[in-house]
Amino acid sequence: MAAAILTAGSFTAKAQGRTDVNLYMGFMNAAYTSLDQAGGRYSHRDLYSIYEPYYTVNSGPSFTLDVNRRILPWLGAGLQANYSYMSGEKKYNIGNAPKKEFSQTMLAFLPQVKFFIPSPRHFRLYAKAAAGINLNLGETIVGEPISFAWDIVPIGFEWGGQFIYGTAEFCAGNVITGARVGLGFRF
């Protein structure tokens, strides 16, 4: 009876920890960073740029929910969903075109692969790559209403417990540019 209990305990221990659910808050959604913020109103590199629009943009954080399932000890597959919002005004330096207010909500859905790098138990490293679709709702200032979305995390890390942990990652892509931090759950 004791052997059966110990054996059952080892099977449940192996079954635990195969699925990760992470909720992130990201900084600098890629649509916001793609607008020419450096150019601005008073930067005229060429004569034609005085006729081009410039933007005053407000953007909040981006939120990401991702779910991963370990396939192998070093490889996982899953899905990622992203939400971000920005609003602002479109203005012109010359001409009598009125300024125009806009708001844009961006949703992205991306299948992903996650590579687990051998690490200590309470500080785990990983990398991931995702590709999918981006939906722009509202007046589309940046991008098309439906477009290709991609997200690469060259380095990410998890710290803390085995079931509830903190996580942070550095991102590149047309969803998030910069970093995101969050909380994860493993079961």
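Relevant structure appears above.
Everything in this summary refers to the structure shown in the same document. The written sequence of each chain sets the order in which its residues are numbered from 1. Residues qualify for local features only when their pLDDT is at least 70, as the model is predicted, and side-chain atom pairs are given and counted only at 80 or more; totals for whole chains, interfaces and linings, by contrast, use all residues. Hydrogens and water molecules were not included; the side-chain quantities draw on all heavy atoms of the structure.

**A short note on the overall build of the chain**
Secondary structure counts use DSSP, requiring at least four H or I residues in a row for a helix and at least two E residues in a row for a strand, with both numbered from the N terminus. The helix and strand inventory of the chain stands at 2 helices and 9 strands. Helices and strands in the chain line up, N terminus first, as α-β-α-β-β-β-β-β-β-β-β. Only heavy atoms enter the contact rule, under which two residues are in contact if any of them lie within 4.5 Å. Within the chain, contacts between residues separated by at least 24 positions form 61% of all contacts whose residues are at least 6 apart in sequence. Summing over all exposed atoms, the chain offers an accessible surface of approximately 10600 Å²; the carbon and sulfur share of this is 69%. Only the protein chains shown count as covering a residue, and every accessible area follows the Shrake-Rupley method with a 1.4 Å probe.

**Focus on the pattern of salt bridges**
By definition, a salt bridge exists where a carboxyl oxygen of Asp or Glu is found within 4 Å of a side-chain nitrogen of Lys or Arg. Counted by the stated rule, this structure contains 10 salt bridges. Residue Lys128 pairs with Asp66 through a salt bridge whose shortest N-O separation is 2.5 Å. Taken together, the residues Lys128 in strand β6 (residues 123-138) and Asp66 in strand β3 (residues 62-72) connect sequence positions 62 residues apart. Since its relative accessible area comes to 3%, Lys128 is described here as buried. In this structure, Arg180 engages Glu169 in a salt bridge whose closest nitrogen and oxygen atoms are separated by 2.6 Å. Taken as a pair, Arg180 in strand β9 (residues 178-186) and Glu169 in strand β8 (residues 164-173) lie far apart in primary sequence, 11 residues in all. Here Arg180 and Glu169 have matching classes, each one buried. Where salt bridges share partners, they join Asp20, Lys114, Arg124, Glu158 and Arg186 into one cluster. For the exposure calls, accessible area comes from a 1.4 Å probe over protein chains only, and a residue counts as buried if that area is under 20% of its type's maximum, exposed if over 50%, partly exposed in between.

**Observations concerning the environment of Pro61**
On the secondary structure map, Pro61 appears in the loop between β2 (53-59) and β3. For Pro61, a relative accessible area of 34% puts it in the partly exposed group. Between the alpha carbons of Pro61 and Arg180 there is a distance of 9.4 Å; along the sequence they are 119 residues apart.

**Considering the pairing of β8**
Within β8, 7 of the 10 residues are buried, which leaves it mostly tucked inside the rest of the structure. Paired strands, in this sense, are two strands between which DSSP finds at least two bridges. Between strand β7 (residues 146-160) and β8, which pair antiparallel and follow one another directly, the connecting turn spans 3 residues. Here β8 pairs with β9 via 8 bridges, running antiparallel. Paired with Glu169 across the two strands is Arg180, which belongs to β9. The antiparallel pairing of β8 with β9 creates a hairpin that spans 4 residues between the two strands.

**Considerations on the packing of aromatic side chains**
Any pair of aromatic rings gets described here by the distance separating the centres and the angle formed by the planes. Side-chain rings of Phe, Tyr and Trp (the six-membered ring for Trp) are treated as a pair once their centres are within 6.5 Å; stacked means planes under 30 degrees apart, edge-to-face means over 60, and tilted covers the remaining angles. One pass over the full model with this rule turns up 2 aromatic pairs. Consider the rings of Phe157 and Trp159, whose centres lie 5.7 Å apart with planes at 40°: the pair is tilted. Joined through ring pairs, the aromatic side chains of Phe123, Phe157 and Trp159 make up one cluster. Think of it as a cone above the ring: NZ of Lys or CZ of Arg counts as a charge over the ring if it is within 6 Å of the ring centre and within 35 degrees of the ring normal. Geometry around Tyr126 places Lys114 over its ring, the cationic atom sitting 4.1 Å from the centre. It is Arg180 that lies over the ring of Tyr24; its NZ or CZ is 5.5 Å from the centre.

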